[in-house]
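This is what each chain is made of:
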Amino acid sequence: MKRFWFPMVVIGVLSIFIITGCSNDKEEVENDPPLNEDDDTLVVAIPADMASQDIHNHNSTLTESIHVNMYDYLFQKNEEGEIEPHLIEEYENIDDHTWEFVLKEGVTFHNGDELTAEDVKFTLERVAHDESLREHFQYKQIDEVEVVDDYHFKIYTIDPDPILLNRLSRIGSGILPKDYIDENGWDHFLENPIGTGPFKFVDWSRDSEIVYEVYDDYFDGAVEDWNKLVFKVVPEDSTRVAELLTGGVDIALNVPNHEWDRIDDNEGTKMESTTSQRVAMYLLRFQEEYPTSDPRVREAIDLAINNEVLTENVLGGGGVPVRSRVTPGNMGANEDLYDTFNYDPERAKELLEEAGYGDGLEITLNGPSGRYTKDRDVQEMVAAMLEEVGITVNLDLMEWSKFVDLRESFKFDDGFFITYGNSQFDASLPLESMRTDFAKDMQGYENEEYEELLDKAEVNMDLDERAEQYKQAQEIIAEDLPYVYLYAEMVNYGTNDALEFTPRADEMIFAKDITKK
Amino acid sequence: MTVKSEDLQTDKNKQNKEEVRPVTYWLRLLLKSKTGTLGLIIVLIIVCVAPLAGIIAPHDPTQMDATKMLTPPAWLEGGSMEYILGTDNLGRDIFSRILYGTRISLLVGITSVIIAGAIGIALGLLSGYYGGLIDTIIMRIVDAFLAIPGILITLVILSVVGPGLWTLIIVLGITNWVEYTRVVRGEVLSVKEREYVKAAKSIGVSDLKIMMKHLLPNVASSFIVISTLSVASTIIAEASLSFLGMGIQPPTVSWGVMLNIGKDYLAESWWVATFPGLAITFTTLGIIFLGDWLRDILDPRTQMNGK
Amino acid sequence: MLNYIIKRLLQTIPVLFIIVFTVFTLVYLAGDPVALMLPEDATPEEIETLKSALNLDKPFIVQFGTYVGNLVQGDFGTSFHYDLPALPLVLERMPATIELALAAMVVGVLIAIPLGIWSAAKRNTGVDVAITGGSVLGQAIPNFWLGIMLILVFSVNIQIFPVSGRGSLMHLVLPAITLGTGLAATVARLTRSNLIEVLGQDFVRTARAKGVNKFVVLFRHGLRNSLIPVVTVMAMQTSSLLGGALITEYIFSWPGIGQLLVQAVHMRDMAVIQAATFVIALAVILMNFLADITYRLLDPRIKMH
C-alpha cells in the first residue's frame, strides 16, 4: 500500500503547488522592467489587432489611436478635449452651409509630396460619398469640398452643421495622399500606406504587431525620443500585464482594475488613468406591457442602485457616477449630472408599493458578458441591489454578437445593460439615441419637448445657445429615465516609470507626446 | 500472468455470467485496484455533494457582500471561519459556490454524455447492422466530425445559437457522438456474424428487436467506458468554453464560470480560481481512474494483460 | 496499395462537402454580421444600406451555390473584419500554427514516450503509479489554466521565458508545453499500455525465456511493436491539438489560425470561420491519411489483407 499512496500524496502536493504556485508571494521577486533605451523603441501592448488600414472603413477607437501616429487630422483635440487647428493655418465659417480653410504650407507626405487642398478634397469626398464605408454616416453631412488653390479650400454642408470641426478631428479625417493613390491604386496604398504624420508605416503582421518608424521631415519637427513605434497585439488581459511587468512592453492598454495594485507595487511600473467618454447604463422599456413603463418603477430602479458601490467596490475606483451620457469635455455637457447619483432604497420601496408592486416585482434584464470592463460583475451587483428593494431580476447575460442580435431585433426583455462611447466630443451623438425615430422602435420612448430641443440644436450655429438646449435635453432624460445611467468608465494604462505619458480622454495614443523622463 | 485462461472463454457468454456474479465479486475486483478505489471514492463524494449542496453549503452561492470582497481562506491572515475557502471578487463564499457548482458541472457532463451516447449508439447500430449506403453516409459524416476539432465546432454552434446552460449541454452532446458510433459500429460488425444473431434473423425476428435484444447489450461495456471518460472531458470543455466567453453565463454557478472569473485574480488572490480549479482537476482525476478501472475489468483483453 | 490510396482520396471529397455545407449552414443561421460592423449606436436605416451593399439579402440556396462556385476556384470570400480575401489570411497564419503544433508534438514525444517506457518497465512500482498519476493529471488540467500559470511562474516570477508573441525559440517553449501536455499525457498512457500488452505476447516471452537481456527485449521486441499504434494515435490527435491551439494561441498572443478563429467567431467573420475550418479539416484529414498509409507500410499484418 505504501508504494501506492506515497507517490499519490506527492502528486497531490505537487499539483497544489503547481496550481497555487508562487502566486501569492508578492515580495519574492521584484521585477524591474528596463526601458528599451538602446534602440529607442516604444512598445505598446494593445488588446486587439488594428481593424484595417482603411481609415474610412472601420469604427474602432483602438484602430484610430494607432492611426493618429501616421496620419494628421485637419483639426486636433488637445489634452483637454478642445479642438485646435492642426494642418490648418486659418479658417472661417462663412455662412450656415459654407466653411473656408487655409492649409499650412510645407506639410509633406512620407513619400515627399506636399500636402495640398486636392488631397483634402479626395479624402473627405471619398468618405462623404461612398455609402459602403463604415464611417460614411459621420460624414454624409458634407456635400462638397471645393478647391480654391493649392492651400485654399471650402467645405459645403448639406444642412447647417455646427459640429463640422468635431467631425474633422476624428476617425476618417486623416488626410490621404491623392496622387500616390491615383498612381499606385488603392490596394497598393493599403499595403504601403503613407500619411503626413510623425511616424511612417513599416510593417503590419496581422494579430501580431504593427511597426512604425519616425518620419524625419514631419512638419511639426521630428520626434526625438523614439525611432520606432511598435503596437503589439496581446488579447489576454493577464498576459498583457505580464508583458508590462517584465519589460516586454512600455505601455499596456485596458488594464482591468484588479491588476492595478500588481502594477503599482511592482518596481518600475505604474498605473495611469483618466476619465473617458464611455458611460455604462441600463435601457428600460416604455411599452405598456412592461412594468418599466410605469415611471415609478423606473425611478425605483434608479434609486435602488448605489452607483458609488459600483464605481468604488466593483470597479475599484475605475469610474465616476453619472446621470447623463454626455460627460464633461463634450460640447453641451451638463455638469450638474456628472459625479452624482440618486440613491434611496427606502423611497424606492415606497414607489414600488405605490405602483402596485408591494409584494415584489420580477423583471428580466439582458446584457453582454465579457465585452466591457467588469460587465458581468456590475450586472450581478445591480441585480443584487434591485433584489434589496423587492425587484427580482432574472439576469440574462450573453456573448457580445448574440447580444447585438437581440438588441437590433428589439427582442430584449424589460431592459438591457450597455456601455456607449462618443467619438464626436459633442452632445449630439449620445443624445440621438433617445430621439423618437430611433427610441420609439427600440423601447417605445417618445417625448415631444425633447424632440423639439434636439431639432433646434442640431442645426443651431449659435454654439452657446445650442449647448444650453442640449443641457435641457439631458435634464429631460434624467427625469424620464429611458436610460438609467450608472457611471463613466475610466481608461486605464499600465506604463513604465521611465515614461512621461498622460492618458487622454479620447483614448488616442500620440507617441510624439510620450517622452522619456 | 495471474488471470486464468477460463476468463478468456467467459467473454463468449458474458451476458449470462454477469448476472451470476455477486456484488462481492466486483467489490473484490475494485479493491484490487487502488486507483480504481480512489476514483470511486472521489466520484461518490462528488455525486453525494451535488444533491446535498443546499444542506452543506454555509452561504447562498449568489449572496454578495461588497464589504467582504476577496477575503482570503480561513487559514491565511485576514481570513475567517465564516468563509473557509475565502470569497470572490463580489464577496461571495467560494466554498458554497463550489458545492453548488458541482450540480451544474455534473449536469453538463452527464446529460451531454447521455445525449452524445444516444446519438452515437443509434447511428453506430444502424451503420454496423445495415451496412451499405447507410453505413457509407454515416461514416462520411463521422469522418467530417473527426476532421474538425470538437471545441471549434462547439464554438461555432454556440456563436450561432448563443451560449446558455441547456444550449451548451445539447451542443456538447451533438458534437461528441462520433466516438460512440465508431466503437459501436465495430462491435456490431463482429457480433452480427455470431450464430445466435443469424439464427434470430432466420426465424424472422424484426431488425429493431435484434438490435435492442442482441446487439445493444454487447455494446454496453464500451459505452460505460467511453462515457465515463467523456464526462471528464466535457467538464473541462465547459471550463474552456467559459474561458473563450462562450460558456455558461453568470449568475449560474459552474466550476468553469468560477475558474474564468478567478483567472483574473490569480496574481493577487489566488484562491478565487485555485479551488474551483482543484475541484475540476480532482473530479476529472477520479473519473479517469474509475473509467480506466472499468475498462480494465470490462475488456477481457486488457484484463489479461494489464491490470 | 495504389487503389487504396485512390479510394481514400475519393472518400475525402464527400467529407469535405459535408464540412463546407455544415459550416456554411451554421454561419448562415448565425445571421448577418452587419450590426457588429457598424457603430454601437447605428440606426436601422444604416444597417439596411450596408446589408444590401454586401449582398446579404439573397436566399440561402443562392448564397450557398455562389459560395461553392467561388470555393472551387479557391475563393473563400472576403473577411468583413479585415476587408481582405479570407483564404490568404488563413494561410498567412499557417506557419505559426504548424510551428506550434510541431513543437507540441515534440514535447509530447520527447517527454511522453520515455516516461511511458519507464512506467511500463517498472510496472506496479511507485514510479509507474507516479507517472500514470501524473499523466492523468496532465489530462485533467484545463490547458488555459496551465498556460496562465506557466506565464505567472516562468515569465513573471522567475523570468526565464518571454511572456507572449512569436519570435525566438524561447518564445516557443511555454506555448508548446501548454499545448503539448494533453498530448503527452495521452501518449504516455498509450505507450505504457501498448508496451505492457506487447511484452505479454508469446514472442517476447519466448525471447525472455531464452535469456535475452531484458533491455534488449524491452527495446527491440517491445518498443518497435508498440510504437506503431502510438504514431497513429498521434496523427489522430492532430484534431484535438489544433483545437487546443485555439486556446493556447489566444493566451500567448501566438499569431496563428487559432487566434484568428477565436476572433472571427466573436466578430462573426463568416468567411474567415469557413476558410479556417476548411483548412484545419484538410490538415487533419491529410495527417490521418499519411498516418494510415505509414501504418499499412509498417505493419505487415495489415498489408496482407
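Please read these numbers as outputs of a predicted model, since none were measured by experiment. (Residues numbered from 1 in each chain as written. Chains lettered and ligands numbered in written order. Predicted model: local features only at pLDDT ≥ 70, side-chain atom pairs only at ≥ 80, totals over all residues. Heavy atoms only, no water.)

1. Thoughts on the overall build of chain A
Okay, step 1: Counting its regular elements, chain A contains 18 helices and 19 strands.
Okay, step 2: In terms of overall size, chain A behaves like a compact globule, its C-alpha atoms giving a radius of gyration of 26 Å where 517 residues would be expected to give roughly 24 Å.
Okay, step 3: With the C-alpha coordinates of chain A rotated into their principal frame, the extents come out at 80 × 75 × 35 Å.
Okay, step 4: Considering chain A as a whole, with its 517 residues, one finds that 62% of them fall into the buried category.
Okay, step 5: As presented, chain A carries roughly 19,300 Å² of accessible surface, and 42% of it is formed by carbon and sulfur atoms.
Okay, step 6: Separation of charge centres in chain A, based on 43 positive and 115 negative side chains, amounts to 5 Å. (Helix = DSSP H or I, 4+ residues; strand = E, 2+ residues; numbered from the N terminus. Rg over C-alpha atoms; globule rule 2.2 N^0.38 Å. Buried < 20%, exposed > 50% of the residue type's maximum accessible area, 1.4 Å probe, protein only. Areas by Shrake-Rupley, 256 points an atom, 1.4 Å probe, with all protein chains shown as cover. Lys, Arg positive; Asp, Glu negative; His and termini not counted. Charge placed at Lys NZ, Arg CZ, Asp CG, Glu CD.)

2. What about the packing of aromatic side chains?
Residues and elements named next belong to chain A.
Okay, step 1: Evaluation of the coordinates by the stated rule reveals 32 aromatic pairs over all chains.
Okay, step 2: Relative to Phe153, the ring of Phe101 has its centre 5.1 Å away and its plane inclined at 15°; by these criteria the two rings are stacked. Of this pair, Phe101 sits in strand 5 (residues 98-103) while Phe153 sits in strand 7 (residues 152-157), placing them 52 residues apart in sequence.
Okay, step 3: Here Tyr372 and Trp400 contribute two aromatic rings whose centre-to-centre distance is 5.9 Å and whose plane-to-plane angle is 80°, an arrangement assigned as edge-to-face. One end of the pair, Tyr372, is in the loop between strand 14 (361-368) and helix 13 (375-388); the other, Trp400, is in helix 14 (residues 400-408), and 28 residues separate them in sequence. In this pair, the class of Tyr372 matches that of Trp400, namely buried. (Phe/Tyr/Trp six-rings, centres within 6.5 Å; stacked < 30°, edge-to-face > 60°.)

3. Details of the domain arrangement of chain C
Residue and element names in this part refer to chain C.
Okay, step 1: Per the domain assignment, the segments making up chain C are domain 1 (2-86) and domain 2 (88-298).
Okay, step 2: Each partner contributes residues to the interface: domain 1 has 27 residues there, and domain 2 has 26 residues.
Okay, step 3: A combined buried area of about 2,400 Å² lies between domain 1 and domain 2, and 73% of that area is made up of carbon and sulfur atoms.
Okay, step 4: Across the domain 1-domain 2 interface, the total number found is zero salt bridges.
Okay, step 5: If you tally residues by element for the side of domain 1 that touches domain 2, the top one is helix 1 (residues 2-29), at twelve residues.
Okay, step 6: Looking at the side of domain 1 that touches domain 2 residue by residue, the classes come out as 20 nonpolar, six polar and one charged. (Domains from an automatic or database assignment. Contact = heavy atoms within 4.5 Å. Buried area = accessible area lost by both parts, 1.4 Å probe. Salt bridge = Lys/Arg side-chain N within 4 Å of Asp/Glu carboxyl O. Nonpolar A, V, L, I, M, F, W, Y, C, P; charged D, E, K, R; others polar.)

4. Here's the deal with unusual backbone geometry
For residues besides glycine, phi is generally negative; the peptide bonds are generally trans as well.
Okay, step 1: A cis geometry characterises the amide bond from Pro250 of chain B onward to Pro251 of chain B, with omega recorded as 5°.
Okay, step 2: One can find Pro251 of chain B in the loop between helix 11 (207-243) and helix 12 (255-262).
Okay, step 3: Of note, the phi angle at Asn254 of chain A is positive, near 45°, even though the residue is not glycine.
Okay, step 4: Position of Asn254 of chain A among the secondary structure elements: in the loop between strand 11 (251-252) and helix 9 (260-265).
Okay, step 5: In this structure, Lys374 of chain A is a non-glycine residue whose phi angle is positive, near 55°.
Okay, step 6: On the secondary structure map, Lys374 of chain A appears in the loop between strand 14 and helix 13.
Okay, step 7: Overall, Lys374 of chain A belongs to the buried group, its relative accessible area being 12%.

5. Describing empty space enclosed by the protein
Okay, step 1: One pass over the full model with this rule turns up 14 cavities of 30 Å³ or more.
Okay, step 2: As a volume, the second largest cavity reaches approximately 100 Å³.
Okay, step 3: Together, 15 residues line the second largest cavity, and Ser238, Glu259 and Arg262 of chain A, Ala267 of chain B together with Leu152 of chain C are the ones closest to its centre.
Okay, step 4: Mapped by element, the contributors of at least two residues to the lining of the second largest cavity are helix 8 (237-245) of chain A together with helix 7 (143-157) of chain C. (1 Å grid on protein atoms, 1.4 Å probe; cavity = no way out; pocket = protein on both sides within 12 Å on 5 of 7 lines; lining within 4 Å. Points joined across faces, edges and corners; volume = space filled by probe spheres on them.)

6. Describing the side chain of Thr327 of chain A
Okay, step 1: Here Thr327 of chain A shows up in the loop between strand 13 (319-321) and helix 12 (345-354).
Okay, step 2: Given a relative accessible area of 2%, Thr327 of chain A falls into the buried group.

7. Regarding the pattern of salt bridges
Okay, step 1: By the definition in use, this model includes 38 salt bridges over all chains.
Okay, step 2: Among the ionic pairs, Arg170 of chain A bridges to Glu135 of chain A, the shortest N-O distance being 3.1 Å. Separated by 35 residues along the polypeptide, Arg170 of chain A in the loop between helix 5 (164-167) and helix 6 (178-184) and Glu135 of chain A in the loop between helix 3 (117-129) and helix 4 (136-139) bring together distant segments of the chain. Assigned by exposure class, Arg170 of chain A and Glu135 of chain A land together as buried.
Okay, step 3: Among the ionic contacts, a cluster of salt bridges with common partners joins Arg206 and Asp207 of chain A together with Glu92 and Arg93 of chain C.

8. Looking at the nonpolar core
Okay, step 1: Core analysis: the biggest nonpolar cluster contains 210 residues, and Leu74, Phe101, Phe153 and Tyr212 of chain A have the highest contact counts within it.
Okay, step 2: Among the elements that line this core, the one with the most residues is helix 13 (residues 271-298) of chain B, at 16 residues.
Okay, step 3: Here Phe101 of chain A is in contact with Phe75, Ile88, Glu90, Tyr91, Tyr151, His152, Phe153, Ile155, Leu164, Leu165 and Leu168 of chain A, once residues within four sequence places are set aside. (Core = buried A, V, L, I, M, F, W, Y, C linked by side-chain atoms within 4.5 Å.)

9. A short note on the domain arrangement of chain A
Accessible area lost upon the coming together of the parts is a frequently used measure of interface size.
Residue and element names in this part refer to chain A.
Okay, step 1: For chain A, the domain assignment lists domain 1 (48-207 + 214-220) and domain 2 (278-489).
Okay, step 2: Summarising the inter-unit geometry, the C-alpha centres of domain 1 and domain 2 are found 34 Å apart.
Okay, step 3: Buried surface at the junction of domain 1 and domain 2, summed over both partners, amounts to about 1,100 Å²; 59% is from carbon and sulfur atoms.
Okay, step 4: A per-residue breakdown of the area domain 1 buries against domain 2 is headed by Pro162, Ile163 and Asn166, which together make up 44% of the total.
Okay, step 5: In this structure, the connection of domain 1 to domain 2 is made through zero salt bridges.
Okay, step 6: Where domain 1 packs against domain 2, one counts one residue pair in polar contact (both at pLDDT 80 or more).
Okay, step 7: Residue composition of the side of domain 1 that touches domain 2, by class: four nonpolar, four polar and six charged. (Polar contact = N/O pair within 3.5 Å; in protein donor to acceptor, adjacent residues only side chain to side chain.)

10. Looking at the environment of Tyr4 of chain C
Residue and element names in this part refer to chain C.
Okay, step 1: Here Tyr4 shows up in helix 1.
Okay, step 2: Exposure remark for Tyr4: the relative accessible area of 19% places this residue in the buried category.
Okay, step 3: When the C-alpha positions of Tyr4 and Ile293 are compared, they lie 9.1 Å apart, and in sequence the two are 289 residues distant.
Okay, step 4: What Tyr4 contacts, discounting residues up to four positions off in sequence, is Asp292, Ile293 and Arg296.

11. Overview of the packing of helix 10 (residues 195-202) of chain B against helix 11 of chain B
The description of two helices packed together rests on the angle between their axes and the distance between the axes.
Residue and element names in this part refer to chain B.
Okay, step 1: Packing of helix 10 against helix 11 leaves a shortest axis separation of 11 Å and a crossing angle of 170°. In terms of axis orientation, helix 10 runs roughly antiparallel to helix 11. Where helix 10 approaches helix 11, its residues Tyr196, Val197, Ala200 and Lys201 are matched on the opposing element by Ile210, His214, Leu215 and Asn218. (Axes fitted to C-alpha atoms, helices over the stretch in contact; angles between N-to-C directions. Parallel < 35°, antiparallel > 145°, perpendicular 65-115°, else oblique.)

12. Some remarks on the interface of chain B and chain A
Okay, step 1: Contacts between chain B and chain A engage 33 residues on the former and 31 residues on the latter.
Okay, step 2: Counting the surface lost from both chain B and chain A, the interface buries some 2,900 Å², and carbon and sulfur atoms represent 64% of this.
Okay, step 3: Inspection of the chain B/chain A interface yields two salt bridges.
Okay, step 4: Where chain B touches chain A, the interface holds four residue pairs in polar contact (both at pLDDT 80 or more).
Okay, step 5: Contributing elements (two or more residues each) for the side of chain B that touches chain A: helix 4 (34-56), helix 7 (150-161) and helix 13 of chain B.
Okay, step 6: Residue contributions to the side of chain B that touches chain A peak at five residues, all from helix 13 of chain B.
Okay, step 7: The residue makeup of the side of chain B that touches chain A, split by class, is 19 nonpolar, nine polar and five charged.

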